[in-house]
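Structure assessment
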Amino acid sequence: MQEPPCPPFVTRDTGLQQCWRMCQEVYFKNLSKQKQKEVMEKNVNNHKLRVCVATCNRADYSKLAPIMFGIKAEPQFFELDVVVLGSHLIDDYGNTYRMIEQDDFDIHTRLHTIVRGEDEAAMVESVGLALVKLPDVLNRLKPDIMIVHGDRFDALALATSAALMNIRILHIEGGEVSGTIDDSIRHAITKLAHYHVCCTRSAEQHLIAMCEDHDRILLAGCPSYDKLLSAKNKDYMSIIRMWLGEDVKTRDYIVALQHPVTTDIKHSLKMFELTLDALISFNKRTLILFPNVDAGSKEMVRVMRKKGIEHHPNFRAVKHVPFDQFIQLVAHAGCMIGNSSCGVREVGAFGTPVINLGTRQTGRETGENVLHVRDADTQDKILHALQLQFGKQYPCSKIYGDGNAVPRILKFLKSINLKEPLQKKFCFPPVKDNISQDIDHILETQSALAVDLGGTNLRVAIVSMKGEIVKKYTQLNPKTYEDRLELILKMCVEAASEAVNVNCRILGVGISTGGRVNPREGIVLHSTKLIQEWSSVDLRTPISDALHLPVWVDNDGNCAALAERKFGHGKGIENFVTLITGTGIGGGIIHQHELIHGSSFCAAELGHIVVSLDGPECLCGSQGCIEAYASGIALQREAKKLHDEDLLLVEGMSMKKEEVVSAAHLIQAAKLGNSKADSILRTAGTALGLGVVNILHTMNPSLVILSGVLASHYVNAVKDVINQQALSSVKTVDVVVSNLADPALLGAASLVLDYTTRRIY
C-alpha cells in the first residue's frame, strides 16, 4: 500500500525552539493589533486582567501553553502569573517544569505537592498538601482569575483553593465524559468554576444540563489543536530517529502510553501486562512512555522492569517527550496504543490509528481512527487489534478543535466583567437545546467555505447555515493546472482566516466544478473544454492538508440541484430536476430526496441529451445536443454569424469596435425586433424544451427548475414544448425559474453543511 502523505507538523527541537516561540508571539501580536480597537471599546475592566495559570503535569501544559503564549503576547490587556506544581517537579517523571522555562515563561512559584507512594492514600495526601500550600501563594499573587485545566486531583486542589478565596475560576475542558475517578473530579471542578471553556458541542450541552449558566460557557475547541493545526515544518525524521533509532521508518513503529485506572488498579495492572506481552509478540519498534503519577503507577513500572522492557531491543522506554516532538511521533506512527486521552483527542487530528484499551476513556467522543478494546482481558484480543489497526491511515478528525481556540479564549477573557457578582448562579431547570447560536463571544455561525470553479471565474465564499453569503472573493480562473490550484489554496486560506473576524466557524470546504467528478474520492476525472488541464485532479488532498478541514467535491450541475434542495424551490420536494443554462448546459437530479450520481458518476449530463440527429456540433464531439443549441456558447456562435453578415444590429443597438459579440447581444437584438435573432432563441428554447420532455418521460419529476443567466429567457418556450410534446400524464409538472443568486456556491456549501451538521462537531 502506498504510504499516505505525512501531515505537515512542526517540531520544537533544539534549533527551532526560539523560532517557534517567536512565530507564536508574532501571530498573537498581529491578532491583537487587528482587534485592539474593538476590544478597547468593549473592555469592561479598568485595569489589566491578572491571570494565574497553574499547571500540574506534562499533559495539562500542552493545553495551557498556547493560552499562555496568547496572554503573554498581549501585555496591554493581561498580566500572567505561572504556578507550577504536581509531577512537573519530580525527577522520576522527567522534571517537566524545564520545558516551561524553555518556552521563556517566568515561573513565579514552584510548589512541591506530590506525596510519593503512588497509591490512593498518597493521592489524598497530595491534595491536602496542595491545599495547605496554595493559600499563601494566592494571597501573594492576588489574581483576578485562575485558569484550571482538566480532571486531575491536583486541579481539584487548585479549584477548591481559588473558590474558597473568592478568586474567579476559568475551567478548560469541562463537560467531557471519560471514565474512572476523573469524571467525578472534572464535574466537581465544573461546580466550583465560574467560567467554562469546552471543546465540543456535546460537552457544552453537558455543562448546560449540569445547570451551568450558558452565557459563561465558551465553545472554543481544544487549545492544543491551535498548535497541531498551525504548524508547517516537515522535518520529522530527525525526531523519529532520535527517539526510536536510525533504522525506523514512518508508519512502521508504535507509540504506547498507558496509565493506571485508579478505580480498579488490579485490573489495570493485568491489562498493562497483557499489552506488553502483545507488543512483544507483535515485534515492532515501540516508544513506550512511563505512566503518570496516579495510584498504581509504581506497580506498572515494576511490570515494565519485570518484563525487561527498558532493555528490550524493540522498545524505547522514556519518562517524557516534549509535546512538539511527541505530536510528530504520533503523527507518523503506525499505531498508538494505551488509554491516554491524547489517543482519543489529539491523535485524531492526524488520522493515526489508535487502540484504546479499557474503561479509562469510556464516553469520550472519538474519530473513526479509534478502535476500542474495552475488555482487554486476553493477549490475543490486543494482538488482533494491533493487526487490524497497524499501518492504516484514517481521515483527520476535527471533533476537538479547528485551530482557532486561543483567539476565542482571549476574547472571552476580555469580556469578563470583574464588577459582576462573584457568586455563581445556576440555571434551574436545564436550558433547552435550541439556544441561540450567535451569542457574541460564545458561538460562531456554523458556515462552509464554498468554491465555484467556472469556465471564466474562480469564486470562493463564506456561506452560513441559512444560505447567506457572508463574504465572497472572485478571481479570473487561471489557464494552467498549477496556477489554478495555487490560486484556489490562496483564496481558501484567505477566506478561512477572515472567517474568524466575521464570527463564522468553518466546518469544511465544498467545491463545485465543471466536468465529471468522483465525489467519493474528491477527484475531477475529466473536465469540459471550458476548463483546461483539469483531468485526474485530486482536489481533496491538497486543500484538506492546507486548511486541515474536510473537503467535498462535486459537479456544478449536481451542486445546483443540492442548492435548490436546501435553499430553493426544491426544499421538501421528493423528486425534481435542475437545469443550468449558462456558458454550458448542465443539471442535477434529486430522486427520493437524494442526489443521483450514476455508476460512473455521469448521471444528469442533461446538456448532452441529443434532440436532433443532424444538429450543430457540440463541444463533447457529438451533434444535436441541447448544449449545442441552448448554451451561452451556442448563442454566442449564432450571434457572431449574424454579426459577420451584418444581420445582428438593429435600431437601438450599438457596439464598440473592440467589443466581443456575446449571447447578450443576441437576446438584446431579439427584444428589439430582430426576427433572425428571435428565431435562434426560439429554436434554442425548443431544443431545451425537447430535452426536458425526455427527462419527464424518463424520471417523471414533480418539478423542473431552470437555473442560470438564460433561464428566464427559456422558461416560456419550455412550457410550450411540454404542452405540445409531452404525454398528458406529465404535463402537470411545474417549471420554475430559480430564485437563487449563486446556486453553484450555495450548492458547494450544502455539500459541507448537509454532511457535517449530522455529526457532533
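Everything numeric here is computed off the predicted structure, so don't read it as measured data.

Analysis parameters
Residues numbered from 1 in each chain as written. Predicted model: local features only at pLDDT ≥ 70, side-chain atom pairs only at ≥ 80, totals over all residues. Heavy atoms only, no water. Helix = DSSP H or I, 4+ residues; strand = E, 2+ residues; numbered from the N terminus. Contact = heavy atoms within 4.5 Å. Areas by Shrake-Rupley, 256 points an atom, 1.4 Å probe, with all protein chains shown as cover. Lys, Arg positive; Asp, Glu negative; His and termini not counted. Charge placed at Lys NZ, Arg CZ, Asp CG, Glu CD. Phe/Tyr/Trp six-rings, centres within 6.5 Å; stacked < 30°, edge-to-face > 60°. Buried < 20%, exposed > 50% of the residue type's maximum accessible area, 1.4 Å probe, protein only. pLDDT = per-residue confidence, 0-100. Salt bridge = Lys/Arg side-chain N within 4 Å of Asp/Glu carboxyl O. Pairing = 2+ DSSP bridges. UniProt positions renumbered as here; feature names shortened; annotations may be inferred. Domains from an automatic or database assignment. Axes fitted to C-alpha atoms, helices over the stretch in contact; angles between N-to-C directions. 1 Å grid on protein atoms, 1.4 Å probe; cavity = no way out; pocket = protein on both sides within 12 Å on 5 of 7 lines; lining within 4 Å. Points joined across faces, edges and corners; volume = space filled by probe spheres on them. Nonpolar A, V, L, I, M, F, W, Y, C, P; charged D, E, K, R; others polar. Core = buried A, V, L, I, M, F, W, Y, C linked by side-chain atoms within 4.5 Å. Disulfide = S-S within 2.5 Å. Patch = residues over 30% accessible without salt bridge, like charges linked within 9 Å, V, L, I, M, F, W, Y side chains within 5 Å. Left-handed = near helix turned anticlockwise from the far one by under 90°.

1. What to know about the overall build of the protein chain
- Summing up its helical and strand segments, the protein chain has 24 helices and 26 strands in all.
- Principal axes of the C-alpha set define a box for the protein chain whose edges measure 95 × 65 × 50 Å.
- Within the protein chain, residue pairs in contact and separated by at least 24 positions form 70% of the contacts whose partners lie at least 6 positions apart.
- Summed over its atoms, the accessible surface of the protein chain is roughly 31300 Å², and 51% of this surface lies on carbon and sulfur atoms.
- Mean positive and mean negative side-chain charge positions of the protein chain (82 and 87 charges, respectively) differ by 2 Å.

2. What about the packing of aromatic side chains?
- By the definition in use, this model includes 4 aromatic pairs.
- Seen in terms of ring centroids, Phe 69 and Phe 105 are 4.9 Å apart; in terms of plane orientation they differ by 55°. Their pairing is tilted. Taken as a pair, Phe 69 in helix α2 (residues 58-72) and Phe 105 in the loop between α3 (97-102) and β3 (107-111) lie far apart in primary sequence, 36 residues in all.
- Under the relative-accessibility criterion, Phe 105 is labelled buried at 5%.
- Ring geometry for Tyr 195 versus Phe 412: centroids 6.3 Å apart, planes at 85°, classification edge-to-face. Here the residue Tyr 195 occupies a position in strand β6 (residues 195-198), and Phe 412 occupies one in helix α15 (residues 405-414), the gap between them amounting to 217 residues.

3. Thoughts on the confidence of the model for the protein chain
- This prediction gives the protein chain a mean pLDDT of 86; 90% of its residues lie at or above 70.
- For the protein chain, per-element mean pLDDT is lowest for helix α1 (residues 17-42), which scores 48, and highest for strand β5 (residues 168-172), which scores 97.
- The model gives residues 1-17 a pLDDT under 50, and that stretch makes 49 contacts with residues more than four places away or in other chains.

4. Quick look at the pattern of salt bridges
- Taken as a whole and judged by the stated rule, the model has 35 salt bridges.
- Residue Lys 472 pairs with Asp 742 through a salt bridge whose shortest N-O separation is 3.3 Å. Residue Lys 472 is located in strand β16 (residues 469-476), and its partner Asp 742 is located in the loop between β26 (734-737) and α24 (743-756); the two are separated by 270 residues in the primary sequence.
- Judged by relative accessible area, which is 41%, Lys 472 ranks as partly exposed.
- Taking relative accessible area as the criterion, Asp 742 reaches 12% and is therefore assigned buried.
- Through salt bridges with shared partners, a single network forms among Lys 63, Glu 173, Glu 176, Arg 345 and Glu 346.

5. Looking at the environment of Arg 241
- Its place among the elements puts Arg 241 in helix α9 (residues 237-244).
- Taking C-alpha positions, Arg 241 is 9.9 Å from Leu 329, a pair spaced 88 residues apart along the chain.

6. Focus: the environment of Gln 423
- On the secondary structure map, Gln 423 appears in the loop between α15 and β14 (445-453).
- For the pair Gln 423 and Arg 168, spaced 255 residues apart in sequence, the C-alpha to C-alpha distance is 9.5 Å.

7. Brief notes about the pairing of strand β11 (residues 335-338)
- In β11, alternate side chains face the same way, and those of Cys 335 and Ile 337 on one face and Met 336 and Gly 338 on the other are all buried.
- Two elements, strand β8 (residues 254-257) and β11, share 4 bridges in a ladder whose sense is parallel. Bridged to Val 255 within β11 is Met 336.
- Pairing of β11 with strand β12 (residues 354-357), which is carried by 3 bridges, proceeds in the parallel orientation.

8. Focus: the UniProt feature "active site" (unreviewed entry) in the protein chain
- Taking the UniProt record as the reference, the feature "active site" (unreviewed entry) is found at Asp 556.
- Look at Asp 556 and you get partly exposed, because its relative accessible area is 25%.

9. A closer look at the domain arrangement of the protein chain
- Parsing the protein chain into structural domains produces domain 1 (45-222), domain 2 (232-389), domain 3 (439-568) and domain 4 (569-739).
- Taking only C-alpha atoms, the centre of domain 2 and the centre of domain 4 are 61 Å apart.

10. Some remarks on the sheet that holds strand β13 (residues 370-373)
- A sheet is described by the order of its strands in space; here 6 strands give the open sequence β10-β9-β8-β11-β12-β13, paired in parallel fashion. Only two strands of the sheet have a single neighbouring strand rather than two, namely β10 (315-318) and β13. On average, adjacent strands in this sheet sit at an angle of 20° to one another, irrespective of strand direction.
- Of the strand pairs in this sheet, β12 and β13 are connected by 4 bridges, and their pairing is parallel. For Ile 355, the partnering residue across the bridge sits in β13 and is Leu 371.

11. Side note on the sheet that holds strand β21 (residues 551-555)
- Read across the open sheet, the 5 strands follow the order β16-β15-β14-β17-β21; overall the sheet is mixed. The sheet is open, and its two borders are formed by β16 and β21, each paired with just one other strand. Averaged over neighbouring strand pairs, the angle between their axes works out to 20° when direction is ignored.
- Pairing between β14 and strand β17 (residues 504-513): 8 bridges, direction parallel. Across the sheet, Ser 447 pairs through a bridge with Ile 506, a residue of β17.
- Running over the sheet, helix α18 (residues 556-567) touches β17 and β21 and is turned about 105° from β21.

12. Here's the deal with the layout of surface pockets
- Of the volumes computed, that of the second largest pocket is approximately 1400 Å³.
- Along the walls of the second largest pocket sit 50 residues, with Asp 556, Ile 580, Gly 582, Thr 583 and Gly 584 positioned nearest its centre.
- Elements represented by at least two residues in the lining of the second largest pocket include exactly β14, β15 (457-464), β22 (576-581), β23 (585-591), α20 (632-644), β25 (703-707) and α24.
- Counted by class, the lining of the second largest pocket contains 20 nonpolar, 22 polar and 8 charged residues.
- For the lining of the second largest pocket, the two domains that each supply at least three residues are domain 3 (439-568) and domain 4 (569-739).

13. Some words on the nonpolar core
- Ranked by size, the top nonpolar core spans 61 residues in total, and within it Ile 337 and Leu 386 carry the most contacts.
- In terms of residue count, helix α10 (residues 265-282) provides more of this core than any other element does, 9 residues in total.
- For this core, the two domains that each supply at least three residues are domain 1 (45-222) and domain 2 (232-389).
- Each residue touching Ile 337, except ones within four places of it in the same chain, is listed here: Ile 254, Val 255, Ala 256, Leu 257, Thr 275, Leu 279, Ile 355, Leu 357, Ile 382 and Leu 386.
- Counting 43 residues, the second largest nonpolar core, distinct from the first, contains Ile 626, Ala 684, Leu 710 and Val 735.

14. Observations concerning the state of the cysteines
- Going through the model one piece at a time under the given rule, you end up with 0 disulfides.
- Left unpaired, Cys 222 is separated from the closest cysteine sulfur, that of Cys 199, by 4.5 Å.
- Between Cys 625, a cysteine without a disulfide, and Cys 620, which holds the nearest cysteine sulfur, the sulfur-to-sulfur distance is 3.8 Å.

15. A word on a negative patch on the surface
- A cluster of acidic residues, Glu 482, Asp 483, Glu 486 and Glu 533, forms a negative patch on the protein surface.
- Looking at the secondary structure, you find Asp 483 in helix α16 (residues 481-501).
- Judged by its relative accessible area of 41%, Asp 483 falls in the partly exposed class.

16. So, the packing of helix α21 (residues 663-671) against helix α22 (residues 675-699)
- In contact at an axis separation of 7 Å, α21 and α22 are set at 115° when each is read in the N-to-C sense. As α21 runs across α22, the sense of the crossing is left-handed. Counted together, Leu 666, Ile 667, Ala 669 and Ala 670 of α21 and Ala 677, Asp 678, Ile 680 and Leu 681 of α22 form the full contact between these two elements.
- Residue classes in the contact of α21 with α22 are distributed as 7 nonpolar, no polar and 1 charged.

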